[in-house]
Amino acid sequence: MWKFLLPFAAFVALVVLFAFGLNPKRDIHALPSPLIGKPAPEFALTDVLNPSAVVSNTSLKGQVYVVNVWGTWCAECRVEHPALLAIAEQHVVPVIGIDWSIDHGLGERDKAQQWLERLGNPYAQVAFDKEGRTVIDWGVYAAPETFLVDRQGNVIFKHISALTQEVWEKEFLPRIAAAGKGT
Amino acid sequence: MNRGSFAGVLTLALALPGFGGAFAEPPAADALDIHGQLASPELQVRFERIAKELRCLVCQNESIADSNADLARDLRRQVREMLIAGKSDDAIFTFMTDRYGEFVRFAPPLTPKTAFIWGAPFVMLLLGGTIVYRVVRQRSRMPLDE
């Protein structure tokens, strides 16, 4: 009896393991963020469009907002840009951009300004992370990454890779509704 | 294969243009800002150890000591600055795991959550050992001649 049952049990265990491990819908590169449920890291950076102005998230406390990390060097960011524009048009919550300057400021600001001028600006404000420090604070490892912050200032959701209308409707809108919205 | 013939094959492989070329390339680390960055040799030793222990999340199977990704470069800068500021190794690892999660460490600390990962090899060894032991004992009881 055991001779049959034991290999069979092992087989079933393997099937379960593979069903989980080889699931094509599971993105093995997407990592859970330890930031979820924790206060959003504060930042005060210069404005991409105006180097003498400051963009900070401290003034956003008390409202729901979205933080989108992008860069002109990031192809996926180009892919998600139309979706961001469409989302911004809905005026559900403010979308704050963080331009990740992996070149530590050598030209990224100019390119970002051209990008926003040519493709349209979906952001309420765009911060310029010249040295990539804010991005590290937010645990970003691959742009684009999009965070949702609630009224208490806690990060409640993070989406890695290009944002789409579908992701926005399925993942963001219900959470924004639950968070009591901002307006 | 004995030792002598292994060395022979290795020499042959190195002599072949294809293999030789690959070995002749300068180590990738020299192209990175790994060595000789910190004034104090003690800090440099600690820096290199910590950098090897932290995963580059862009490439995921390289440490930040081995990766030339921009994020890895910035994380190395972070480690260096924290070392200069007198932070402990633990403080640096905590800084990284607070932001990037346990996955950022190649050797996750032993906690209830990671106990399975650490324990699994021993469980497997015990299981395999038991099976081998039982099979061998059973066979040794069999008559020598068929």
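Whatever comes next refers back to the structure up there.
These numbers come from a predicted model, not from an experiment.

Draft legend 1. Representation of the sheet that holds strand β4 (residues 95-100) of chain A. Residue and element names in this part refer to chain A. Taken together, the seven strands give an open sheet; going across it, the order is β2-β1-β5-β4-β3-β6-β7, and neighbouring strands pair in mixed fashion. In the strand order of this sheet, the two ends are held by β2 (54-56) and β7 (155-160), each with one partner. The average angle at which neighbouring strand axes cross in this sheet is 30°, direction not considered. Sheet analysis places strand β6 (residues 145-149) next to β7, joined by five bridges and oriented antiparallel. Note on β7: the bridge partner recorded for Leu 148 is Phe 157. This element, helix α2 (residues 75-90), spans β3 (65-70), β4 and β6 of the sheet and lies at about 160° to β3.

Draft legend 2. Spotlight on helix α4 (residues 41-53) of chain B. Residue and element names in this part refer to chain B. With 13 residues, α4 extends 19 Å between its outermost C-alpha atoms, agreeing within 8% with the 18 Å of an ideal straight helix rising 1.5 Å per residue. Every buried residue of α4 is accounted for by Leu 43, Gln 44, Phe 47, Ile 50, Ala 51 and Glu 53. Looking at the buried residues of α4, the elements they touch are α5 (70-84) and α6 (89-100).

Draft legend 3. Just helix α3 (residues 108-119) of chain A, in detail. Residue and element names in this part refer to chain A. Over its 12 residues, α3 runs 16 Å from end to end, which matches the ideal 16 Å to within 8%, given 1.5 Å per residue. Residues of α3 that are buried include every one of Glu 108, Arg 109, Ala 112, Trp 115 and Leu 116, and no others. Viewed end-on, α3 has its buried residues packed into an arc of 120°, placing them on one side of the element. Relative to its buried face, α3 has exposed residues pointing more than 90 degrees away, namely Glu 117 and Arg 118. Buried residues belonging to α3 abut β1 (44-47), β3, α2, β4 and β5 (125-129).

Draft legend 4. A look at a nonpolar patch on the surface. Taken together, Met1(A), Trp2(A), Phe4(A), Leu5(A), Leu6(A), Phe8(A), Phe11(A), Val12(A), Val15(A) and Val16(A) make up a surface patch of nonpolar side chains, about 1100 Å² in accessible area. Within the secondary structure layout, Val16(A) lies in helix α1 (residues 2-21).

Draft legend 5. Highlighting the state of the cysteines. All names here are of chain A. For the structure shown, the criterion picks out one disulfide over all chains. Between the sulfur atoms of Cys 74 and its disulfide mate Cys 77 the distance is 2.1 Å. Disulfide Cys 74-Cys 77: torsion about the S-S bond near 90°, hence right-handed. Grouping residues by exposure puts Cys 74 and Cys 77 together as buried.

Draft legend 6. Quick peek at the pattern of salt bridges. This structure, assessed with the given rule, holds 11 salt bridges over all chains. Among the ionic pairs, Arg133(A) bridges to Glu131(A), the shortest N-O distance being 2.9 Å. The exposure class assigned to Arg133(A) is partly exposed, which follows from its relative accessible area of 29%. With a relative accessible area of 38%, Glu131(A) lands in the partly exposed category. Taking the shortest distance from any N to any O, the salt bridge between Glu145(A) and Lys158(A) comes out at 2.9 Å. With Glu145(A) in strand β6 and Lys158(A) in strand β7, this residue pair connects regions lying 13 residues apart in the sequence. With relative accessibility at 0%, the residue Glu145(A) sits in the buried group. Among the ionic contacts, a cluster of salt bridges with common partners joins Glu131(A), Arg133(A) and Glu81(B).

Definitions and cut-offs
- Per-chain numbering applies: the sequence of each chain, read as written, is numbered from 1 onward.
- Each chain is given a letter, starting from A, and each ligand a number, starting from 1, according to the order in which they appear as written.
- Note on the predicted model: pLDDT of at least 70 is required for a residue's local features to be given, and 80 or more for side-chain atom pairs to be given and counted; whole-chain, interface and lining totals, by contrast, use all residues.
- Only hydrogens and water are set aside; all other atoms, that is, all heavy atoms of the structure, feed into the side-chain values.
- Pairing between strands is defined by DSSP: at least two bridges between the two strands are required.
- Working definition: helices are DSSP H or I runs of at least four residues, strands are E runs of at least two. Numbering for both runs from the N terminus.
- Note on method: axes are straight lines fitted to C-alpha atoms, helices fitted across the in-contact stretch only, with angles between N-to-C directions ranging 0 to 180 degrees.
- The contact criterion used is simple: two residues touch if any of their non-hydrogen atoms lie within 4.5 Å.
- Expected span of a helix: the number of residues minus one, times 1.5 Å.
- When a residue's accessible area, from a 1.4 Å probe over protein chains only, is under 20% of the maximum for its type it is buried; when over 50% it is exposed; and in between it is partly exposed.
- This arc describes the spread of directions from the helix axis toward the C-beta atoms.
- Two distance rules govern patches: like charges are joined within 9 Å, and nonpolar side chains (Val, Leu, Ile, Met, Phe, Trp, Tyr) within 5 Å, applied only to residues with over 30% relative accessible area and no salt bridge.
- Only the protein chains shown count as cover for residues, and the accessible areas themselves come from Shrake-Rupley with a 1.4 Å probe.
- Only one rule defines a salt bridge in this text: a Lys or Arg side-chain nitrogen within 4 Å of an Asp or Glu carboxyl oxygen.
- Whenever a pair of cysteine sulfur atoms sits within 2.5 Å, that pair is classed as a disulfide.

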